[in-house]
Structure formats: C-alpha cells, structure tokens
Amino acid sequence: MEESRGAKIAKWVVLIGVIPVVLAIFYSRDSGQAVGDVKPASARRQMTDFTLRDLRGADWRLSAHRGDVVLVNFWATWCGPCREETPGLVHVAHAYAPRGLSVVGITKDDEGVEPVRKFVHDFGVDYPILLPRPDFELAGRVNNLPTTLLIDRKGRVAKTYVGRVREAVFRADVEVLLKEPGS
C-alpha cells in the first residue's frame, strides 16, 4: 500500500521539527545546563575564600577579586574536554577583563609544573593558573574535569558547570552577572 502525498508531507514536517530538538540536546550536553541558567541572587551561596600560589609563585586570593565576576576553572593537561574548552576561556578572559571578569585556572595535574607550563604556553593562557596544595579541600571535592564555578561580584556561586562548556555559554552567563549591581 502506497502512502498518500499528505502522509509523506506530514512525516517530513515531523522530521524537520525533530531535528532542531535533537541538535539542541546534543549541543547542550557539554555542561548539562542551559545558557542563562544562572541562580537567582537569593539562592546563591558564599564561596569559601582561598589563597593559592600561581605558576610564578605569587599568591592569588579569591576575596581580592570581590567586585569582579570570577570564573574558577578546574582542569588538567591530560583532560581532552579541558583542552577543547581552554581556547574559549582564553577568548572570554580577553573579552571581559576590561568589564570586570577575572578568570583563574586550578590545575589538577600531579605530574609537576612542567606539563602545566607547556600547556599554558601552547594554548596562550595568560590568566593565572593556580597550583593547589594537598590540603586544598575544594579541589578534593571536584570529581569531574573540567568543572567551572561562576562567582558573582559579591563572592557567591551563581552557576557550576561540569563538563566542557562552549564559549557562547560562558559569554552569555558572564553578561548576566556583569549587568548585576556590584558589591
């Protein structure tokens, strides 16, 4: 039995309607969260302050960046999704630093600093890369890489990303926080 012309058209209409949904699901798998899915200010919790040394040996303290929006990115040189995400983070850092964004990376590498230095050089990372101490509790709670915390101007966690995040998602979410009043 041959399908009618109307039935064929209906199948194509359904198929064309399904394709964007499938693509949206596929492309949103990176971080598992939608663009703009930033917690309302009333639901945000204060981020614990910390101080760590960067690759140059200087101290970097979270509370010194109060008034800025901060992206804290946990990553490793051997992490494929981290390698894919890093160029976007570099672009976001450059684009939004003049408007009050600070980006910082915390390496989860345990093979020493040389692979980290090479990665930073190869990827053109010019935001601070921090080396966690063995007693740095926050790093111990990060089980998946990359994991990134988006912190508002008042030092509260506005969003947590687990998995690779596209540059456009970071940009949209940072824009939301940059429009909020400062500390």
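What counts, and at which threshold
- Residues numbered from 1 in each chain as written.
- Predicted model: local features only at pLDDT ≥ 70, side-chain atom pairs only at ≥ 80, totals over all residues.
- Heavy atoms only, no water.
- Core = buried A, V, L, I, M, F, W, Y, C linked by side-chain atoms within 4.5 Å.
- Buried < 20%, exposed > 50% of the residue type's maximum accessible area, 1.4 Å probe, protein only.
- Contact = heavy atoms within 4.5 Å.
- Disulfide = S-S within 2.5 Å.
- Helix = DSSP H or I, 4+ residues; strand = E, 2+ residues; numbered from the N terminus.
- Pairing = 2+ DSSP bridges.
- Right-handed = clockwise from strand over helix to strand, strands pointing away.
- Axes fitted to C-alpha atoms, helices over the stretch in contact; angles between N-to-C directions.
- Salt bridge = Lys/Arg side-chain N within 4 Å of Asp/Glu carboxyl O.

Student: Pulling in residues and values, what's your account of the nonpolar core?
Tutor: Ranked by internal contacts, the top residues of the largest apolar core, which has 49 residues, are F50, L71 and F74. Excluding residues that lie within four positions of it along the chain, F74 makes contacts with I106, K108, F136, L138, A139, V142, L145, P146, T147 and L149.

Student: So, the state of the cysteines: which residues are in play, and what are the values?
Tutor: Taken as a whole and judged by the stated rule, the model has 1 disulfide. The residue that forms a disulfide with C79 is C82, at a sulfur-sulfur distance of 2.4 Å. Across the disulfide from C79 to C82, rotation about the S-S bond amounts to roughly 75°, and the bridge is consequently right-handed. Comparing C79 with C82 shows no difference in burial state: the two are buried.

Student: Before we move on, can you summarise the environment of P128 with the specific residues and values?
Tutor: The residue P128 is located in the loop between α3 (113-123) and β6 (129-131) in this model. Under the relative-accessibility criterion, P128 is labelled partly exposed at 26%.

Student: Report on the pairing of strand β5 (residues 101-107), specifying residues and quantitative values.
Tutor: Counting buried residues in β5 gives 7 out of 7 residues, a clear majority hidden from the surface. By the alternation rule, side chains of β5 split into L101, V103, G105 and T107 and S102, V104 and I106, which are all buried. The pairing of strand β4 (residues 69-75) with β5 spans 7 bridges and is classified as parallel. Counterpart to L71 in the pairing with β5 is V103. Handedness of the crossover joining β4 and β5 through helix α2 (residues 80-96) is recorded here as right-handed. As paired strands, β5 and β6 are joined by 2 bridges and run parallel to one another. Across the sheet, I106 pairs through a bridge with L130, a residue of β6. Once the chain exits β5 it traverses α3 before rejoining the sheet at β6, and the crossover so formed is right-handed.

Student: So, the sheet that holds strand β3 (residues 59-61): which residues are in play, and what are the values?
Tutor: Ordered by their spatial adjacency, 8 strands build an open sheet running β1-β8-β7-β4-β5-β6-β2-β3, and the pairing between neighbours is mixed. The open sheet has two free edges, formed respectively by β1 (45-46) and β3, since each of these has just one partner strand. Relative to strand β8 (residues 156-162), β1 runs antiparallel, the two being bridged by 2 bridges. Opposite Q46, over in β8, you have R156 as the bridge partner. Against the sheet, helix α5 (residues 167-178) makes contact with β4, β5, β7 (147-151) and β8, and its axis sits at roughly 175° relative to β8, the strand it touches most.

Student: Describe the pattern of salt bridges, listing the residues and the values that go with them.
Tutor: Here the structure, examined in full by the defined rule, presents 13 salt bridges. Taking the shortest distance from any N to any O, the salt bridge between D152 and R44 comes out at 2.8 Å. Separated by 108 residues along the polypeptide, D152 in the loop between β7 and β8 and R44 in the loop between α1 (5-28) and β1 bring together distant segments of the chain. Here D152 matches R44 in class, with each residue buried. In this structure, R164 and E84 form a salt bridge, with 3.1 Å as the shortest nitrogen-oxygen distance. With R164 in the loop between β8 and α5 and E84 in helix α2, this pair connects stretches of sequence that are 80 residues apart. Assessed through its relative accessible area of 24%, R164 is described here as partly exposed. For E84, a relative accessible area of 53% translates into the label exposed. Each member of the salt-bridge network shares a partner with another, and the members are R44, D152, R156 and E180.

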